[in-house]
Amino acid sequence: MEGTQKLLQMTQRLKATDTVLFLLSGGGSALFESPLISLDALKGITERMLRAGMDIGQINTIRKRLSAVKGGRFAQWCLPAKVETIILSDVLGDKDDMIASGPTVADSSTCAQAMELAKKFGLLISPEVTVCLEAETPKQITNGHCSIIGSVRQLCSAAMERAGALGYETVFLTDDLSCEASRAGREIGNRLKRHAADGRKARRAGFLLKMQVDAHALSPSGGSSSVKRPNLPPRNSSSRMRA
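Residues numbered from 1 in each chain as written. Predicted model: local features only at pLDDT ≥ 70, side-chain atom pairs only at ≥ 80, totals over all residues. Heavy atoms only, no water.

**Focus: the overall build of the protein**
Here is step 1 of the chain: For the protein, the helix and strand inventory stands at nine helices and five strands.
Here is step 2 of the chain: Secondary structure elements in the protein, listed N-terminal to C-terminal, are α-β-α-α-α-α-β-α-α-β-α-β-α-β.
Here is step 3 of the chain: Buried residues in the protein amount to 42% of all 243 residues.
Here is step 4 of the chain: Long-range contacts, defined as pairs at least 24 residues apart, comprise 77% of the intrachain contacts of the protein with a sequence gap of at least 6. (Helix = DSSP H or I, 4+ residues; strand = E, 2+ residues; numbered from the N terminus. Buried < 20%, exposed > 50% of the residue type's maximum accessible area, 1.4 Å probe, protein only. Contact = heavy atoms within 4.5 Å.)

**Concerning unusual backbone geometry**
Here is step 1 of the chain: Pro80 follows Leu79 through a cis peptide bond whose omega is 5 degrees.
Here is step 2 of the chain: Turning to its location among the elements, Pro80 is positioned in the loop between helix H5 (73-78) and strand E2 (82-88).
Here is step 3 of the chain: Notably, Ala100 is not glycine yet its phi reads approximately 55 degrees, a positive angle.
Here is step 4 of the chain: With respect to the element layout, Ala100 can be found in the loop between E2 and helix H6 (111-120).
Here is step 5 of the chain: On the basis of relative accessibility, which here comes to 3%, the residue Ala100 falls in the buried class.
Here is step 6 of the chain: For Leu124, which is not a glycine, the phi torsion comes out positive at approximately 50 degrees.

**Topic: the packing of helix H4 (residues 56-63) against H6**
Here is step 1 of the chain: The interhelical angle for the contact between H4 and H6, taken along N-to-C directions, is 115 degrees, at an axis separation of 9 Å. Relative to H6, H4 is oriented so that their crossing is left-handed. Of the residues in H6, those touching H4 at Gln58, Thr61 and Ile62 are Gln113, Ala114, Leu117, Ala118 and Lys120.
Here is step 2 of the chain: Residue classes in the contact of H4 with H6 are distributed as four nonpolar, three polar and one charged. (Axes fitted to C-alpha atoms, helices over the stretch in contact; angles between N-to-C directions. Left-handed = near helix turned anticlockwise from the far one by under 90°. Nonpolar A, V, L, I, M, F, W, Y, C, P; charged D, E, K, R; others polar.)

The following block contains the structure:
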């Protein structure tokens, strides 16, 4: 948060002739933060969201509203300057307002959605959190432009091209797999069996995919997570993915 405060000080009195070059990547939700609630309260609700098995879009819908810089608010802070955002995406589908909680783009989620998520997952939010969730985020950003220069989709395409040049047969499974690891393993196994049944040699095939990971393999302190898991007791960092 100290780094965020320094950045806010640097961009406090910008002019219309200024341009902010903002480099953004996955993990930015944890690294770029100026909370509107106490740090303890932020840690608490983040932990509850992770334990509830909320996915990255659901988590960011709520934490955008708990921050002075997320959900387009940093772009508003920089007015009247222009903000050019260069993005490395780790979010399924590459929604720019969900990558690092979208500090420089208009927010597509709503207060009603945030409140519904809190109710659905039983987050037991405090009065100070409720006030933040009821305050709408920017729906139009006039001074910002975003470019995604790296993503899972681009990585898969480049890997397939390189593998093909080396003589490998490549099969693109998905860059948008969202499920528990055990289910992902079964799905990949079934596709391999179908591949073999067609008379094609699995040992010559390169299988490329983007897969969501187990919640408790990640830090509970608020880093970006793409999670789909049942409600289970906490466990240590030796989580294993089954495939």
